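Observations on the model geometry
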Amino acid sequence: MNETAPLTMKDIARELGISVSTVSRALKDSPRISEERRRLVQQYAREHNFYPNIIGEALRHSRVMPSRAIGVIVPEFTHYYFSSILTGIEEAAMARGYHIVVALSNEEYEREARICEMFHRLKVCGIIVSQAKDTRNFEHFQRLIDSNIPLVFYDRICTGVDASRVVVDDYMGAYNAVSHLIETGCRRIAYYGGPSQLEISKNRFNGYKDALLKHGLPLDEEILTVCDNRADAEAVTPTLMALPEPPDGYFAVNDDTAIGILYTVKRAGLRVPEDVSICGFTNGQRAVACDPMLTTVEQRGRRVGEEAAEILINKVEGLSPFAKVEKRVVRTRLVVRGTTR
């Protein structure tokens, strides 16, 4: 058997000395096949990473032409950035005759791994994914690559596997944002970041840190916190405001967190931006719906999605070698509004 070719039911039948129809029925858990033989076939299939083509089976009995499906894994739907990326992926895919199948990991490793297995079973032509916050084991991604399924990461990339990725310039986005806060008068800038194991968190923190160093300001761990949502920001911010030397500026990893800060400092009677300046990271619709409107880093999510879809489809169609790892960076832009001076 060719080790590089995908395993088929015919291969399983030959290896086990049974008919293809017996393999098919055993994989469907048909009672017409003995329990012992069903278990034997299913175990062999699992050990060799074989999953029946569910879509193909259904289409064999349909008059509809098979569609070319791309699996997309989204960490959460409520975040504007991810929805804008999804829009970019879908538009780019449809323009080239593909459809997308979207699944939500809900920031959970176990769920993400199950989705990867499901997409494998569905025989999608490739997968576009943003890693869940909880993911620290990358075997499910590596299995996809080993099975010759094109894989492209967006936003939160996985450094544990060698795969193509599309990211925004997180470092420069953070560096420019914090530099703007400093250049408009802030001298003690709090940092609200994401989980430290994520590459985007490391890059944004390094941008924050280097902007301080470039402008001769110290890095104070007392005003660094892991906080990446509005609810946590509203809980954490009063503690920082109560410090003997409270922050006069805040840089947040996303707009929702920045808006949580804004709400909290205003409720405490501080003026924005006269007393406190705040900068977010996303430039979603909520950035212009708050008062004052939020200064933020624009991530250009739609462009990220378009680039990710282009890389994947080029691999599927053989326009780019499967083994070639592409790394694309989408530039950010600082959008100055009312929360900074």
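What comes next concerns the included structure. On a predicted model such as this, the values are computed, not experimentally measured, just so you know.

Turning our attention to the overall build of the protein. Across its full length, the protein carries 12 helices and 12 strands. Dimensions of the protein, computed from the C-alpha atoms along their principal axes, are close to 80 × 40 × 35 Å. Across the protein, every contact between residues at least 6 apart in sequence was considered, and the portion connecting residues at least 24 apart equals 72%. Approximately 16600 Å² of the protein is accessible, and the part contributed by carbon and sulfur atoms is 49%.

All right, on to the environment of Pro273 then. Assignment of secondary structure puts Pro273 in the loop between helix H11 (255–267) and strand S9 (277–282). The sequence separation of Pro273 and Gly338 amounts to 65 residues, and the corresponding C-alpha distance is 7.0 Å. In contact with Pro273, not counting residues within four places along its chain, are Gly338, Thr339, Thr340 and Arg341.

Turning to the side chain of His140, a few remarks are in order. Positionally, His140 belongs in helix H7 (residues 139–146). For His140, a relative accessible area of 3% corresponds to the buried category. A polar atom in the side chain of His140 sits 3.4 Å from the backbone oxygen of Asn137. Apart from the residues within four sequence positions on either side, His140 is in contact with Tyr109, Glu112, Ala113, Cys116 and Thr135.

On to the packing of helix H6 (residues 109–122) against H7. Axis separation between H6 and H7 bottoms out at 9 Å; the angle between their running directions is 15°. As judged from the angle between their axes, H6 and H7 are roughly parallel. Both H6 and H7 take part in a crossing whose hand is left-handed. Side by side, H6 and H7 meet where Tyr109, Glu112, Ala113, Cys116 and His120 of the first sit next to His140, Phe141 and Leu144 of the second. In terms of residue class, the contact of H6 with H7 is made up of 5 nonpolar, 2 polar and 1 charged.

Moving on, we come to the packing of helix H1 (residues 9–16) against helix H3 (residues 35–47). Here H1 crosses H3 at 120°, and the two axes come no closer than 11 Å. In terms of orientation, H1 and H3 fall into the oblique class. At the point where H1 passes H3, the crossing takes the right-handed sense. Residues Ile12, Glu15 and Leu16 of H1 lie in contact with H3, whose contacting residues are Leu40, Val41, Tyr44 and Ala45. The residue inventory of the contact of H1 with H3, partitioned by class, reads 6 nonpolar, no polar and 1 charged.

What follows deals with the sheet that holds strand S2 (residues 98–104). The strand order across the open sheet formed by 6 strands is S2-S1-S3-S4-S5-S11, and the pairing between neighbours is parallel. Taken across any chain shown, the strands that pair with only one partner, and hence form the sheet edges, are S2 and strand S11 (327–330). Pairs of neighbouring strands in the sheet enclose a mean axial angle of 20°, with direction left out of account.

For H3, built from 13 residues, the straight-helix expectation of 18 Å at 1.5 Å per residue is met to within 8% by its first-to-last C-alpha distance of 18 Å. For H3, the secondary structure elements touched by its buried residues are H1 and helix H2 (20–27). The positive-phi residue at the C-terminal boundary of H3 is Asn49, with phi of around 55°.

Reading the values: the criteria
- Residues numbered from 1 in each chain as written.
- Predicted model: local features only at pLDDT ≥ 70, side-chain atom pairs only at ≥ 80, totals over all residues.
- Heavy atoms only, no water.
- Helix = DSSP H or I, 4+ residues; strand = E, 2+ residues; numbered from the N terminus.
- Contact = heavy atoms within 4.5 Å.
- Areas by Shrake-Rupley, 256 points an atom, 1.4 Å probe, with all protein chains shown as cover.
- Buried < 20%, exposed > 50% of the residue type's maximum accessible area, 1.4 Å probe, protein only.
- Polar contact = N/O pair within 3.5 Å; in protein donor to acceptor, adjacent residues only side chain to side chain.
- Axes fitted to C-alpha atoms, helices over the stretch in contact; angles between N-to-C directions.
- Parallel < 35°, antiparallel > 145°, perpendicular 65-115°, else oblique.
- Left-handed = near helix turned anticlockwise from the far one by under 90°.
- Nonpolar A, V, L, I, M, F, W, Y, C, P; charged D, E, K, R; others polar.
- Pairing = 2+ DSSP bridges.
- Expected span 1.5 Å × (residues − 1).

Everything listed here is a matter of geometry and, on its own, says nothing about what the molecule does.
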